[in-house]
Amino acid sequence: MTETSAPTTAPTSAPLTLDDLPLHMRRDRFAPAPELAAVREGPAVTRVRGTFGHEMWLVTRHEDVREVLGDAARFSNAGQTVFVGRDRRSPEEIARMRAGNLLLLDPPEHTRLRRMLMPEFTGRRMQRLEPRVHEIVTEHLDAMERTGPPADLVADFALPVPSLVICELLGVPFEDRADFQARTASLLDVSRPVEERMRMQQASRRYMAELVAREQADPGDALLGMLVREHGDELTTDELVGIAGLLLVAGHETTSNMLGLGTLALLQHPEQLARVREDPDAVVPAVEELLRWLSIVHSGVVKTVTEDTEIAGTPLAAGDLVALSLPAANRDPRAHEAGDRLDVAHGAPGHLAFGHGVHHCLGAPLARMEMRIAFPALLQRFPDLRVASTEERFRSFTVVYGMETLPVTWGAEV
């Protein structure tokens, strides 16, 4: 075992600085930080400090990460709250906040809820939704073209497109997007004081509870209404609120950051960008390779060891906490030859960007479909798209990595 030092997290009253970031969140632009690669090529499993100052094991190799993700019996998602070690709410209140959040549940409860949601995320359901996604993408590209360059690709395209899609899928008013996006940004930003993030979590829950109450009174045709009509006698109100909240956050945060960061990656690899723009057959493998190469989710849920066990020869005790470095695992040369190189023809079979096992991302088919439509549409509409500023603003403190802004331009040089 090797002890990897990480600074103790600052008190809750003091925001984090870049030097305070826990090891599993450290990045070097598109890549995991060199320290992470060093752990992967050395001990593979090491002790680190988490965002809230708690000690945990960090697993970095593809094979080991896949093993942890695939064994919900030994490595539980149900042992944690969002604010590890800092949640002072009563057990009853914590139970209410966890209800319906599939990320914080293990089988059989996780299985029961996921089974109700699966029909809305099948390939057939995505095919029915695809024409509407094309319309949404076209509408936002039209707006960018009308306004003219420069534009902020994040604010004008990458964020609103998946936000509108998930709002329509769930039955959430799109006019509320500014508020729920602001709450989500605060909740996922680990540099903000814990108390503020907890307030945002509670505010988000109140908002979702109001929406659920409306659907219970008059179920609509979207996913929330379907759950009320078809499973209202199987789901508690708290579970409905938790399901809706998780899908809303995950449905816009992940895809929006992939669109922003992925576009920047392609702009800096022009030959590969050209393949995505010009060859329809290149788009699907390109999306998979971008998912692998960028790995915008640092770790996922911190897991709790349920019994004495080991990973890569390192003993772990029951009750230990385990975090996973998805970026390090997805660039592991044992799983992906030349893993640090972006190759859109690669296709990245077996990547872990959507997780693995029972908690494999439920919305993966939707995210893939949105990216498969959005990337070529953007690049074909603006074939000379380029970055308009040398200042890069990455979301270094956020649970889901990406770009804060991405100024772009097109057309003739001025």
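Residues numbered from 1 in each chain as written. Predicted model: local features only at pLDDT ≥ 70, side-chain atom pairs only at ≥ 80, totals over all residues. Heavy atoms only, no water.

The protein is annotated in an unreviewed UniProt entry as Cytochrome P450 from Pseudonocardia xishanensis.

Draft legend 1. Just the sheet that holds strand β12 (residues 386–387), in detail. The antiparallel open sheet is built from three strands, whose spatial order is β7-β15-β12. Strand pairing shows two members of the sheet lacking a second neighbour, β7 (151–152) and β12, which therefore form its edges. Pairing geometry for β7 and strand β15 (residues 407–409), over two bridges, is antiparallel. Residue Asp152 lies in a different strand from β15, and its bridge partner there is Pro407. (Pairing = 2+ DSSP bridges. Helix = DSSP H or I, 4+ residues; strand = E, 2+ residues; numbered from the N terminus.)

Draft legend 2. Spotlight on the packing of aromatic side chains. On inspection of all chains with the given rule, the structure shows four aromatic pairs. Geometrically, the ring pair formed by Phe30 and Trp293 is tilted, given 5.3 Å between the ring centres and 35 degrees between the ring planes. Of the two residues, Phe30 is situated in the loop between β2 (27–28) and β3 (31–32) and Trp293 in helix α13 (residues 283–294); the sequence distance between them amounts to 263 residues. Relative to Phe394, the ring of Phe30 has its centre 6.3 Å away and its plane inclined at 85 degrees; by these criteria the two rings are edge-to-face. One end of the pair, Phe30, is in the loop between β2 and β3; the other, Phe394, is in strand β13 (residues 393–394), and 364 residues separate them in sequence. Exposure remark for Phe30: the relative accessible area of 5% places this residue in the buried category. (Phe/Tyr/Trp six-rings, centres within 6.5 Å; stacked < 30°, edge-to-face > 60°. Buried < 20%, exposed > 50% of the residue type's maximum accessible area, 1.4 Å probe, protein only.)

Draft legend 3. The environment of Pro376, seen in detail. In this fold, Pro376 is placed in helix α15 (residues 364–381). Considered as a pair, Pro376 and Leu187 are 189 residues apart in the sequence and their alpha carbons are 32 Å apart. Once you skip the residues sitting within four places of it in the chain, Pro376 turns out to touch Val276, Val283 and Met371. (Contact = heavy atoms within 4.5 Å.)

Draft legend 4. Structural view of the packing of helix α12 (residues 270–278) against α15. Interhelical geometry of α12 versus α15 gives an angle of 100 degrees and a closest axis separation of 8 Å. With respect to each other, α12 and α15 are oriented roughly perpendicular. Every residue of α15 that contacts α12 at Leu273, Val276 and Arg277 is listed here: Phe375, Pro376, Leu379 and Gln380. Residue composition of the contact of α12 with α15, by class: five nonpolar, one polar and one charged. (Axes fitted to C-alpha atoms, helices over the stretch in contact; angles between N-to-C directions. Parallel < 35°, antiparallel > 145°, perpendicular 65-115°, else oblique. Nonpolar A, V, L, I, M, F, W, Y, C, P; charged D, E, K, R; others polar.)

Draft legend 5. Representation of helix α3 (residues 91–98). Inspection of α3 places Ile94, Met97 and Arg98 among the buried residues, and these make up the whole buried set. What you see down the axis of α3 is that its buried residues fit within an arc of 95 degrees, all on one side. Where the residues of α3 are buried, they touch α9 (194–217). Taken from the residues just after α3, Gly100 is the one with a positive phi, measuring 80 degrees. (Arc of directions from axis to C-beta.)

Draft legend 6. How the structure looks around the pairing of strand β4 (residues 45–49). Extensive coverage of β4 is indicated by the burial of four of its five residues. Alignment of β4 against strand β5 (residues 55–59), held across five bridges, turns out to be antiparallel. Bridging from a neighbouring strand, Arg49 pairs with Glu55 of β5. Here β4 hands over to β5 after five residues, with Gly53 in that stretch at a positive phi of 85 degrees.

Draft legend 7. Layout of the packing of helix α10 (residues 223–231) against helix α11 (residues 237–267). Orientation of α10 relative to α11, taken along the N-to-C sense of each, is 155 degrees, at an axis distance of 11 Å. Relative to α11, the element α10 is oriented roughly antiparallel. For α10 against α11, the interelement crossing comes out right-handed. For the pair formed by α10 and α11, the contact residues are Leu223, Leu224, Leu227 and Val228 on the first element and Leu240, Ile243, Ala244 and Leu247 on the second. For the contact of α10 with α11, the per-class residue count stands at eight nonpolar, no polar and no charged. (Left-handed = near helix turned anticlockwise from the far one by under 90°.)

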